[in-house]
Number of protein chains: 4
Amino acid sequence: MAKPKSEDKRNAILASATKVFAERGLSAPTAAITSAARVAEGSLFTYFKTKDELINALYLELKLELSDAMMSGFPRKLGVRSRLEHVWNGYVDWGATHPEGQQVLRQIQVWGGLTESVKAASAAAFGEFDRIAEDAAAQKAFRDLPMPYIWAALATLADMTMDFMRRYPDQAGVYRVKGFELFWSGVARK
Amino acid sequence: MAKPKSEDKRNAILASATKVFAERGLSAPTAAITSAARVAEGSLFTYFKTKDELINALYLELKLELSDAMMSGFPRKLGVRSRLEHVWNGYVDWGATHPEGQQVLRQIQVWGGLTESVKAASAAAFGEFDRIAEDAAAQKAFRDLPMPYIWAALATLADMTMDFMRRYPDQAGVYRVKGFELFWSGVARK
Amino acid sequence: MAKPKSEDKRNAILASATKVFAERGLSAPTAAITSAARVAEGSLFTYFKTKDELINALYLELKLELSDAMMSGFPRKLGVRSRLEHVWNGYVDWGATHPEGQQVLRQIQVWGGLTESVKAASAAAFGEFDRIAEDAAAQKAFRDLPMPYIWAALATLADMTMDFMRRYPDQAGVYRVKGFELFWSGVARK
Amino acid sequence: MAKPKSEDKRNAILASATKVFAERGLSAPTAAITSAARVAEGSLFTYFKTKDELINALYLELKLELSDAMMSGFPRKLGVRSRLEHVWNGYVDWGATHPEGQQVLRQIQVWGGLTESVKAASAAAFGEFDRIAEDAAAQKAFRDLPMPYIWAALATLADMTMDFMRRYPDQAGVYRVKGFELFWSGVARK
DNA sequence: CATGAATGAGTTTTCATTCAT
DNA sequence: CATGAATGAAAACTCATTCAT
């Protein structure tokens, strides 16, 4: 059946796209990506029809990674605060270990070429978090704010906190904790 | 320090750069900018040596505008909360009236070509806000957080809030108020 | 002289090459041909060393088909006019039933990559028609014109007539007849 | 008013396009054209938005040249035969002096990318010849054939004749004359 | 100074051909 | 032999920047 399209190669391309985009922006030439992936220029296009499609795929990939990181080990049994803290930590820790991924995610978000279907798929992956919301609403733990707004607040604050953690690595742990406190105090009722 | 020929022309270029970048991203061709500004293609380069320099100048311009908007009518006499609320409202209102400027600001922030000197100049413009901090520290109004972190929190939360205001215009007023409450609760001591 | 594996596959490739070239021009990708032939991309190159060779082979194939169509049922016994009319009809009818083949033939003729050997082989196939000429010369049926010129006139006029037949299908029969009359009057002595 | 788009440069590009296309086919790279025209690669695109547009423009240009050549000195007063002969000679002589132009015209005709508007403009240029037809119809000089068919016959026969003239230059004069006779006998009543 | 044509390096993408499976 | 992924040399086109007018 000839050479099957290798998942490895696809991943290699996504990985170096992450690195190259982080360093040089989304306008980095595809040739930079393929050469970093040690792959022929043309090969990128056997895995992704266009550069835009690559960016969309990369976005989804990173988002799924991130959502995995946030959900893994999710403490269903604990209170809302603990659950949110788990999510916060998942987010922040993923960003700390995948700084390039996080940067690229930020760039893609302001980019403007995301397809609706990828946006939807990404939103779906984060849909799991709404279960937290359901409980929370029941417990009236939150201020009177729409859940999407609360999630968005968590995301931006976490992003921003990661910047500080990167800039002041020895204070990283402090920022991680205090960042969550800021968020929680802002969001919790009372 | 050069104010070459017509300040008007320079401003026209900056204005259409804002519009064009907002619509098409920073990778929009300079020709799109000059044609929108009804100016010759070459003229852009008599006012800005390179495209990168234009972007840097635009960044500074927008930041100064924004800081003006935030400071104008600043209530020196009122309490910390009121002062911060004034700043928040200034930010959010500027964003509401200058959506393109705000979008472009976001794009430039993730861009990667900002010169240190422009970053510094922009930071300087926001230095004024540190006076608030001094008082605030005196009053121990804030949690134990570095001021830059607090300012950054204000900025991201405001940015994000503006997104919601744009998306749900009839709830704009509500978001403006609740957004500040979220921020303040997150940041204020106790 | 090499009939590699399946004659079927070779023919499938030639057939879809005809179709694809007719639709998209000779610059159509080989991949379009193989996929239309339901054959692997690489297989084309086991039957034809290069794309140019495929085009040459296709040219010869179509020319042979055409000459067959023109010769089949050739009325050796009848007069020159009838014999030529038979040839004319054979040409025109083949073109009517194989519009794609005829179009492709035209494209290959202006192409510029035909090898001398294929040109020669094709000429040889049409050499049979010179027998008509021999008789004809004997009968002094033709004006004083070199036979190749006469054949060329027949071919172009037939090609052109087919265009009109395609464009005005309900007049097809008329064009077929009148076209031949034009040719014959142009070519016959007196 | 800066450097105005020079008609010269446009013509230089069209001229070398003619040469290059004649030698290498329409698939010749635009770079070959610009380098032959001693012009930067990009300059082609300031005069023609795309390669297709260049080909369309070239087609029109050549057609207009050809129609000029056919009409110049047109003998309005003479009989139909003489008028047609003038046209024939104009065609054939243009082809003899502009072999590349004629070849390129042939290639563009089988090409498939001509826009309707260019086809129309080209047809319009040849509309002048219909005056000949009007007279001719009055004089019942022609066989019962649609005029477009007659023009098409003239064109293909002339094209084909030019090929022979090129191949056998010392017989060129003979072919020119006999070619017309063939055409005229084919087309004239009686 | 303003203008916009000219430049050519750089970009994405295509495609004939090869070759590992 | 068949397969189709891999390759990388083009190719068309774009665009920041220069410079003749």
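Residues numbered from 1 in each chain as written. Chains lettered and ligands numbered in written order. Predicted model: local features only at pLDDT ≥ 70, side-chain atom pairs only at ≥ 80, totals over all residues. Heavy atoms only, no water.

Below, the discussion takes up the interface of chain B and chain A. On the side of chain A, 22 residues touch chain B, which itself brings 22 residues to the contact. For the pair chain B and chain A, the summed buried surface comes to about 2,200 Å²; carbon and sulfur atoms form 72% of the total. Counting every contact that joins chain B to chain A gives 2 salt bridges. The closest approach of N and O atoms between Lys-178 of chain B and Asp-144 of chain A, which form a salt bridge, is 3.1 Å. Linking chain B to chain A there are 6 residue pairs in polar contact (both at pLDDT 80 or more). Looking at the side of chain B that touches chain A, the elements with two or more residues in it are helix H9 (147-167) and helix H10 (172-187) of chain B. Among the elements that make up the side of chain B that touches chain A, the one with the highest residue count is H9 of chain B (9 residues). Among the residues making up the side of chain B that touches chain A, the classes are represented as 13 nonpolar, 6 polar and 3 charged. (Contact = heavy atoms within 4.5 Å. Buried area = accessible area lost by both parts, 1.4 Å probe. Salt bridge = Lys/Arg side-chain N within 4 Å of Asp/Glu carboxyl O. Polar contact = N/O pair within 3.5 Å; in protein donor to acceptor, adjacent residues only side chain to side chain. Helix = DSSP H or I, 4+ residues; strand = E, 2+ residues; numbered from the N terminus. Nonpolar A, V, L, I, M, F, W, Y, C, P; charged D, E, K, R; others polar.)

For the pair chain D and chain C, the superposition axis carries a translation of 0.0 Å, the fit reaches an RMSD of 0.2 Å, and the rotation angle comes to 179 degrees. Taken together, the rotation angle and the small translation identify this as a two-fold axis. Identified as the residue of chain D closest to the rotation axis by C-alpha distance is Gly-186 of chain D, at 1.9 Å. (Least-squares fit on C-alpha atoms with pLDDT ≥ 70 in both.)

With that settled, the discussion passes to the domain arrangement of chain A. Residues and elements named next belong to chain A. According to the domain assignment, chain A consists of domain 1 (1-48) and domain 2 (62-187). Computed from C-alpha atoms alone, the centre-to-centre distance between domain 1 and domain 2 is 28 Å. Across the contact, 6 residues belong to domain 1 and 7 residues belong to domain 2. For the pairing of domain 1 and domain 2, the buried interface totals around 570 Å² over both sides, and the portion due to carbon and sulfur atoms is 70%. When the buried area of domain 1 at its contact with domain 2 is split by residue, Thr-18, Ala-22 and Leu-26 rank highest and sum to 75% of it. Linking domain 1 with domain 2 are 1 residue pair in polar contact (both at pLDDT 80 or more), by the criterion used here. (Domains from an automatic or database assignment.)

The smallest C-alpha distance separating chain A from chain C is 10 Å, and no contact links them. Kept free of each other, chain A and chain D leave a smallest C-alpha distance of 20 Å between them.

Below, the discussion takes up the packing of helix H4 (residues 51-71) of chain D against helix H6 (residues 99-109) of chain D. All names here are of chain D. Remark: H4 packs on H6, axes separated minimally by 10 Å, with the N-to-C direction vectors making an angle of 130 degrees. Classified by the angle between their axes, H4 and H6 sit oblique to one another. Note that H4 runs across H6; the crossing there is left-handed. Of the residues in H6, those touching H4 at Ile-55, Leu-58, Tyr-59, Leu-62, Lys-63 and Leu-66 are Gly-101, Val-104, Leu-105, Ile-108 and Gln-109. Looking at the contact of H4 with H6 residue by residue, the classes come out as 8 nonpolar, 2 polar and 1 charged. (Axes fitted to C-alpha atoms, helices over the stretch in contact; angles between N-to-C directions. Parallel < 35°, antiparallel > 145°, perpendicular 65-115°, else oblique. Left-handed = near helix turned anticlockwise from the far one by under 90°.)

Below, the discussion takes up the confidence of the model for chain A. Scored by pLDDT, chain A comes out at a mean of 92, with 96% of its residues at no less than 70. The secondary-structure element of chain A with the lowest mean pLDDT is helix H8 (residues 130-139) of chain A, recorded at 71, while helix H2 (residues 30-36) of chain A shows the highest, at 97. (pLDDT = per-residue confidence, 0-100.)

A separate point is the relation of the copies chain B and chain A. Of the transformation superimposing chain B on chain A, the axial component is 0.0 Å and the angular component is 179 degrees, with the fit at an RMSD of 0.2 Å. Looking at the interface residues of chain B, 100% of them are also at the interface in chain A, so both copies use one shared face.

Much of the literature gives interface size as the accessible area that the parts lose upon coming together. Facing 22 residues of chain D, the contacting portion of chain C comprises 22 residues. Here chain D meets chain C over a buried area of about 2,200 Å², counting both sides, of which 72% is carbon and sulfur. The interface formed by chain D and chain C includes 2 salt bridges. For the side of chain D that touches chain C, the secondary structure elements donating two or more residues are helix H9 (147-167) and helix H10 (172-187) of chain D. Here the residues of the side of chain D that touches chain C sort into 13 nonpolar, 6 polar and 3 charged.

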